[in-house]
Number of protein chains: 12
Amino acid sequence: MTVVRSTLPEEARRVSCEALQDTLVDLLGLSLIGKQAHWNVVGPRFRSVHFQLDEVVTAARTHADTVAERAAALGVPPDGRPETIAKVFALPAPDEGLLRDTEAVRVMTDALGTAVARLRERIDATEKADLVTQDLLISITADLEKQRWMFEADNGPDGT
Amino acid sequence: MTVVRSTLPEEARRVSCEALQDTLVDLLGLSLIGKQAHWNVVGPRFRSVHFQLDEVVTAARTHADTVAERAAALGVPPDGRPETIAKVFALPAPDEGLLRDTEAVRVMTDALGTAVARLRERIDATEKADLVTQDLLISITADLEKQRWMFEADNGPDGT
Amino acid sequence: MTVVRSTLPEEARRVSCEALQDTLVDLLGLSLIGKQAHWNVVGPRFRSVHFQLDEVVTAARTHADTVAERAAALGVPPDGRPETIAKVFALPAPDEGLLRDTEAVRVMTDALGTAVARLRERIDATEKADLVTQDLLISITADLEKQRWMFEADNGPDGT
Amino acid sequence: MTVVRSTLPEEARRVSCEALQDTLVDLLGLSLIGKQAHWNVVGPRFRSVHFQLDEVVTAARTHADTVAERAAALGVPPDGRPETIAKVFALPAPDEGLLRDTEAVRVMTDALGTAVARLRERIDATEKADLVTQDLLISITADLEKQRWMFEADNGPDGT
Amino acid sequence: MTVVRSTLPEEARRVSCEALQDTLVDLLGLSLIGKQAHWNVVGPRFRSVHFQLDEVVTAARTHADTVAERAAALGVPPDGRPETIAKVFALPAPDEGLLRDTEAVRVMTDALGTAVARLRERIDATEKADLVTQDLLISITADLEKQRWMFEADNGPDGT
Amino acid sequence: MTVVRSTLPEEARRVSCEALQDTLVDLLGLSLIGKQAHWNVVGPRFRSVHFQLDEVVTAARTHADTVAERAAALGVPPDGRPETIAKVFALPAPDEGLLRDTEAVRVMTDALGTAVARLRERIDATEKADLVTQDLLISITADLEKQRWMFEADNGPDGT
Amino acid sequence: MTVVRSTLPEEARRVSCEALQDTLVDLLGLSLIGKQAHWNVVGPRFRSVHFQLDEVVTAARTHADTVAERAAALGVPPDGRPETIAKVFALPAPDEGLLRDTEAVRVMTDALGTAVARLRERIDATEKADLVTQDLLISITADLEKQRWMFEADNGPDGT
Amino acid sequence: MTVVRSTLPEEARRVSCEALQDTLVDLLGLSLIGKQAHWNVVGPRFRSVHFQLDEVVTAARTHADTVAERAAALGVPPDGRPETIAKVFALPAPDEGLLRDTEAVRVMTDALGTAVARLRERIDATEKADLVTQDLLISITADLEKQRWMFEADNGPDGT
Amino acid sequence: MTVVRSTLPEEARRVSCEALQDTLVDLLGLSLIGKQAHWNVVGPRFRSVHFQLDEVVTAARTHADTVAERAAALGVPPDGRPETIAKVFALPAPDEGLLRDTEAVRVMTDALGTAVARLRERIDATEKADLVTQDLLISITADLEKQRWMFEADNGPDGT
Amino acid sequence: MTVVRSTLPEEARRVSCEALQDTLVDLLGLSLIGKQAHWNVVGPRFRSVHFQLDEVVTAARTHADTVAERAAALGVPPDGRPETIAKVFALPAPDEGLLRDTEAVRVMTDALGTAVARLRERIDATEKADLVTQDLLISITADLEKQRWMFEADNGPDGT
Amino acid sequence: MTVVRSTLPEEARRVSCEALQDTLVDLLGLSLIGKQAHWNVVGPRFRSVHFQLDEVVTAARTHADTVAERAAALGVPPDGRPETIAKVFALPAPDEGLLRDTEAVRVMTDALGTAVARLRERIDATEKADLVTQDLLISITADLEKQRWMFEADNGPDGT
Amino acid sequence: MTVVRSTLPEEARRVSCEALQDTLVDLLGLSLIGKQAHWNVVGPRFRSVHFQLDEVVTAARTHADTVAERAAALGVPPDGRPETIAKVFALPAPDEGLLRDTEAVRVMTDALGTAVARLRERIDATEKADLVTQDLLISITADLEKQRWMFEADNGPDGT
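Residues numbered from 1 in each chain as written. Chains lettered and ligands numbered in written order. Predicted model: local features only at pLDDT ≥ 70, side-chain atom pairs only at ≥ 80, totals over all residues. Heavy atoms only, no water.

## Some remarks on the overall build of chain A
A count of helical and extended segments in chain A gives 5 helices and 2 strands. Listing every helix and strand of chain A by position from the N terminus yields α-β-α-α-β-α-α. Taking 2.2 N^0.38 as the reference for a compact globule, 160 residues should give roughly 15 Å; the C-alpha atoms of chain A span a radius of gyration of 17 Å, in line with that estimate. With 160 residues in all, chain A has 66% of them scored as buried. A separation of at least 24 residues holds for 81% of the contacts in chain A among residues at least 6 apart in sequence. (Helix = DSSP H or I, 4+ residues; strand = E, 2+ residues; numbered from the N terminus. Rg over C-alpha atoms; globule rule 2.2 N^0.38 Å. Buried < 20%, exposed > 50% of the residue type's maximum accessible area, 1.4 Å probe, protein only. Contact = heavy atoms within 4.5 Å.)

## Points about the relation of the copies chain I and chain H
Rotating chain I by 120 degrees about the axis while translating it 0.0 Å along that axis superimposes it on chain H, leaving an RMSD of 0.0 Å. Look at the turn and shift together and you get a three-fold axis relating the two. Taking C-alpha positions as reference, the residue of chain I nearest the rotation axis is Asp135(I), located at 4.8 Å. Interface residue correspondence from chain I to chain H reaches only 6%, placing this contact among heterologous pairings that use different surfaces. (Least-squares fit on C-alpha atoms with pLDDT ≥ 70 in both.)

## Some words on the environment of Trp149(K)
Residues and elements named next belong to chain K. Tracing the sequence through the fold places Trp149 in helix 5 (residues 131-155). Assessed through its relative accessible area of 2%, Trp149 is described here as buried. Spatially, the C-alpha atoms of Trp149 and Val88 are 26 Å apart, while their sequence positions differ by 61 residues.

## Thoughts on the interface of chain B and chain A
Each partner contributes residues to the interface: chain B has 36 residues there, and chain A has 36 residues. Together, the buried faces of chain B and chain A total about 3000 Å²; carbon and sulfur atoms form 68% of this surface. Across the chain B-chain A interface, the total number found is 3 salt bridges. A salt bridge links Lys35(B) to Asp65(A); the nearest nitrogen and oxygen atoms lie 2.7 Å apart. Put simply, chain B and chain A have 12 residue pairs in polar contact (both at pLDDT 80 or more) between them. (Buried area = accessible area lost by both parts, 1.4 Å probe. Salt bridge = Lys/Arg side-chain N within 4 Å of Asp/Glu carboxyl O. Polar contact = N/O pair within 3.5 Å; in protein donor to acceptor, adjacent residues only side chain to side chain.)

## Notes on the arrangement of the chains
In this assembly chain D lies apart from chain G, the nearest approach of their C-alpha atoms being 26 Å. Considering only C-alpha positions, the minimal separation of the non-contacting chain A and chain H is 20 Å.

## Brief notes about the interface of chain I and chain H
Across the boundary between the two partners, chain I contributes 16 residues, which contact 19 residues of chain H. When the two sides are added together, the surface that chain I and chain H hide from each other amounts to roughly 1400 Å², 59% of it contributed by carbon and sulfur. On the surface where chain I and chain H come into contact, there are 3 salt bridges. With a closest N to O distance of 3.3 Å, Lys146(H) and Glu69(I) form a salt bridge.

## Re the relation of the copies chain B and chain A
Mapping chain B onto chain A is achieved by rotating through 180 degrees and translating by 0.0 Å along the same axis, at an RMSD of 0.0 Å. In short, the pair behaves as if placed about a two-fold rotation axis. The position closest to the rotation axis in chain B is occupied by the C-alpha of Ala86(B), lying 3.0 Å away.

## With respect to the UniProt feature "domain: Ferritin/DPS" (unreviewed entry) in chain A
In the numbering used here, UniProt assigns the feature "domain: Ferritin/DPS" (unreviewed entry) to residues 18-153 of chain A. In residues 18-153 of chain A, helix accounts for 81% and strand for 3%; the two terminal C-alpha atoms are 33 Å from one another. (UniProt positions renumbered as here; feature names shortened; annotations may be inferred.)

## A word on the packing of helix 1 (residues 10-40) of chain D against helix 5 (residues 131-155) of chain D
All names here are of chain D. Following both chains from N to C, one finds helix 1 and helix 5 inclined at 25 degrees, their axes separated by 11 Å at the closest point. Classified by the angle between their axes, helix 1 and helix 5 sit roughly parallel to one another. Where helix 1 crosses over helix 5, the two elements pack in a sense that is left-handed. Counting all contacts with helix 1, which are made through Ser16, Ala19, Leu20, Thr23, Leu27 and Leu30, the residues of helix 5 involved are Thr133, Leu136, Leu137, Ile140 and Leu144. (Axes fitted to C-alpha atoms, helices over the stretch in contact; angles between N-to-C directions. Parallel < 35°, antiparallel > 145°, perpendicular 65-115°, else oblique. Left-handed = near helix turned anticlockwise from the far one by under 90°.)

See below:
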């Protein structure tokens, strides 16, 4: 069933949509683990971290929507089903149960740092394929790098 | 690591939090498959169904947050991690790829109908355990039953 | 022509939808007589009563919509046509023509009081049938009892 | 009980208020049958028609309020009680029960078309009596003609 | 010093601008006496009348602005200076000092009634001269007649 | 392909829709030349004129939409395609390239003045045909005459 | 002086209003000690706790208003005078003077925990008397349990 | 435990904070008795007085917050605990139970009048000590004097 | 007819209310001549001056309301009737007819400068009588001095 | 008449402004044909397509403004006059008269697809000339590709 | 070049504008060091301090604008150029590079404390010169003293 | 003290942060000289230029914040202290004292033009180092080029 004709050559479309699909899973996964930490964090920084996490979740959901609709617009159906996320999602994530605030900050710093590194590879990969997709990935990277800094600064000079 | 002392007796807490945890997975799963359909639906009702699905997603996300925070408030950490959803989620869901509008309507009607049936069991189960939790489940049921009707009416008298 | 399959057993559905249909007529009728009084009230309390009545009308319209859509969601088409209201509506109502402010306050107190008494019977009737419908009727009752108080307090200790 | 002295000569007032009273019943009736269709419509255009109908209802309620308050301002009490609407209302209306979307569109096109034809007669009738009342009827006609077009266009070139 | 060339023939312009200038003085005067009463009213209806008067003032100021800018647009400078208002303004007005609420209601009913009567003459006078100006006067009349009713209804069936 | 049945007799419809179609072209043309001047104006009044022009454009676009939808509601398809505007549009307009502020003010004063003169003819033409259409043209004229004054006053007593 | 006739049987009214009056004192007291802590808290969590306390105060004031107006609607005058609160209020509260942030968190956790325990008793007590009152108490309990969790999580796994 | 170093000399600080503490109790007390009257007022002016009282309460709460935070900023912990208010609050106040509207107006006029008289003494007392505190007390006095007038005018020329 | 008992000694009240009454007339007059200039200004600065004048009018109206209600709160009825303004108003004002922009700027600079000078005298006069009234006059002076600067800066270094 | 000195070398400016001018015509043309279809569409998807088209028009107008102001900022006057659009505009467009909904969807899909293809060429052309202009074209392309998908998905798997 | 004539005698103007100019530099400096700390703070209170600092910056910018425009209104041009700030600014400030949260809190407490002490001297200095300027300085002092408290309370009883 | 680990290789980070630090100083300087001109401009274009300057200041502050937080996110502390700005800022700037409007326009055109030229160099410099930083600089350039045009167009064809 083909519906949306691509505005890109076949190879460019393949490269772009692969980058978009991988980004989609990272972002949906981030939104889920962000909420997981939002609900389970405890400790003296509870309130700060609780609200900081909701900003990550809101950002991840918004970017996920943009990324998925861009794949759709290029004629490749995005896949964000639960089983796909569970199978593919590979960023650091919190364990089950309560989460000390310092640990929540550490795991989000790592998850966002890994997400950024993966996005930078996709920015390179899409340079030739589609500048429109690349531009979208650049703006998501800018946002996640800012989010990562806000967690990292929180743990401060002693890493605690 | 125990942090939040429960305001309920042990058994009541166990029953309530089990109902809340199961509801959490249903709602997070609904929000994911709702978005999946939102991105992949095609056909003459595309725009109607596309926006209707976003209302389901928004409702599911909001209810999931309330449900998870209630479990936390009762002293039991909620679990909404990707692997948990993938393992536990059991509502009807769309397949990978493009989705005809009639099929999107059908699958959402079924998913919402199943979710409602499960919620009604939990409403019974929590009657003795915790009226506050029960009241929350009642209001979620009201909302999902309305959403289900809006899809079912869409397929109309001939089921198409 | 059956479209919306019920999520309730047949008898529970019958009881719930009867309660909802009766409530619908009471609320639509209230919204019409509230407006009738809003337009025709005269006397030194004109402005107070004029605006108080509009709050009743707004509340009645909102609740009527919720009640009718719940019946629809349970698979029973609600009936709010002019002839149905005229035939079934049984609350106290103002006569044709101008309405002194004291009389407007009296008739609305009575109409709201009667509506509340009928709602309390339906709250009992739906307890077994459907807790979701019952919960909806409870919240409407809370609102109408507040509205009734605001009129009754207005006539004050001497009943004028 | 006379309260509001008219700013118009007796005959002009009689003609104007008759036009206003008849328009009031048409508009209140429209708001009731609009809601009736809003709740009971089914079929593939459900969502479009469901929301389109709410715009008719909102418009009809707003115009009804303006029309009734103008009659009051001219010293003639408007009559919008349930029994009056049931007795006088004469526009095409939906039957009891579920309503296919094509049928909902057809009945609303007819109801709005009839309402417009009656308004045009009243615009002629009030020309001599009261230009202020006439101007109000003109603006209501403009709005209902637009609403009628939006339903008629919906059934399209084949009338389905 | 002529700046704005008229879009109307000379006689039509003269008639229209005379009607507009007279209306301007009535409206500016209304806004001043409305505020005077707003500040000085006392009695059990103080709060109702105090706020009702502010609605008259807001309406009068808005209409005055529209009327003056229309005269300017037709090339005739409007005159709203204090001495002009004092010399020309001829509507009933409150005396100096405190004002019982019943008296405030009475004087505003009279002032608005007189303003309406004068507007109706200008509606006739501008029919031939300029339908655009006439339409503006019609809409101001509709608003002032509504305001007048809200005061008159306040004094109620016994005129108190 | 006839879809929307007219609520007017044939001749009245023809006259009304001709007036509406001609007005549509004037307004769409105004919105285009308003933007053209908005982008190209230079000189010490740049900022004032730049924003004043955007108000003309917003007004012209809004009125154009109303006018076109009224034609559609009367059963005559409006025509606002680029080639139609280019062929029919006959108001004064700026040349290509930069535009001194005094010249921008002059050309907009002329364009709006011509548009008003043409609207006044259509107000006469539709008096018999359709008071609803006439009323719409009257309100557009009021707005454009105000806009014209704001430009003409800007060039001031010396015409510069 | 009896004004508002009850819509409940005498005994049901007595039980409901006692529960409401006791809840009113708890909530007004909570709003006062919440502000007391809001002004006097010091320490590294100052800003987090300062704002968290304002959310408790806002919630307590809103619920107090609802509870008091429900008692009034049932015909029993609520009592929220300073001397009544001072005499009856029995929740844990901060001492005079500055308050370390850890201590503020501890005292609010205790105060909210006690308030919840007392509300749960009243939920039982009103089950037979008045489901409308019970439903109100249930929703207040849900909110206070969430507030309590947000403080308890703040002190974290080590209770500091 | 000293935390906040004062920016004022010791004596100036003592005088200012005494004035602030006394004002805090007056304002918190006003907010409580204002609500007490808001809930219990009855009579033909019910709605006017009911809403007027809520404006007093809102003002009193806002000023209380400013006053308490200023004391804290000067290094003296404010005291707004229930027992402190009950012991110190000395303004006229309503009795328990229902309150006729005329009586509510009278008691609020007296309470506000007494509060203003006490504030004027504190304005004198802080003139030398701290112009910043004095300025704050001046603006609170302006507001309470306006509130007092709105009640006094309500009882009107006959004091009823 | 005395209604509002003063919170000030007789002499202080007399001095304060005289200052307030004189300020009221200045402000109402300013609002009228500001509008007069707003409607009649022409020239290349038309748009700037037209909007600047509306800010003066809005400020003058707001301050006039505050000033009049303060007089009322002190028990002295303010007088803002047309004849009072015409008799007492003594600030520089524009002549009848069109007004060049440079002239509009000049006359407003003068009017605001004179108003400020008179306010400064009243600030001195009320120092002993009532610090609350003085504080109000101080804040009005700050605002009018800012408005005056914005006109004076407009005429620039050459006074044109 | 040269006013705005370019911040780019001559050749870079020429290339950039040619790309911007061509894009301007495409976008203004899209906004006109989008409105043309908005007014004339008929058929069962009328309401969906009617509103979808307004989103295209809003996007096209906003992008046209940005594109034209960028050309102006680079010192080259943009040209958006009616005759220029008519002469240069080359995207697929609807014919005169009523437009079936399927046909409206088809023509907009084609028009947006062609616009995107042309934008992609200009993205290449401006890479060397001006990254700022290129970035603007990239973001417009992203938006139009999304719009195109929303129409294409609407016609669904069978192209109808 | 003299443009704005002063409304104050020469000496009063000199004193007032000196106080305003010195305050301007303090506030602009505060806004710069506030942002410096906002960007460079690290440690467990990162988020709290980061946002608290933005409130100081917003307040400082707003007050700086008011202060500078008051100097301009008194006819003395304010000086807020980079070199002036660098030369004159004398409040405690953070060093280059990262800033521990405790240190950020300490340096802002000191900077605000010094700013307040200097403002208090200027409040004395302007008492005779200009009560309007003094009133402005009083309100800025109130705000900065509150900001200082919020930082000082943050470091808590142990000064950390 | 290293806290934030970079997501870039060392050399790329050095190049990016140098570009960001230089841009930060340009933007903070622009915001200060923009305000300086905002307060001191005089002449017939006062109001236009006064508000245009505030738009530059708002834009410069917003971009400065983004630029500084990006440097922080890359692990290099930004430096925006007063002495740094004074030492490094090198754009054209207004002198002390009053500023004629033509001169204000000229100096802002030059300052923005120089800022743009420097940004274009940094866009080249960061192309290899970090596309995310480059993209941020591109969007700031687009905005400043638009601001520059709005000033340059203001001086018009004759450069005055």
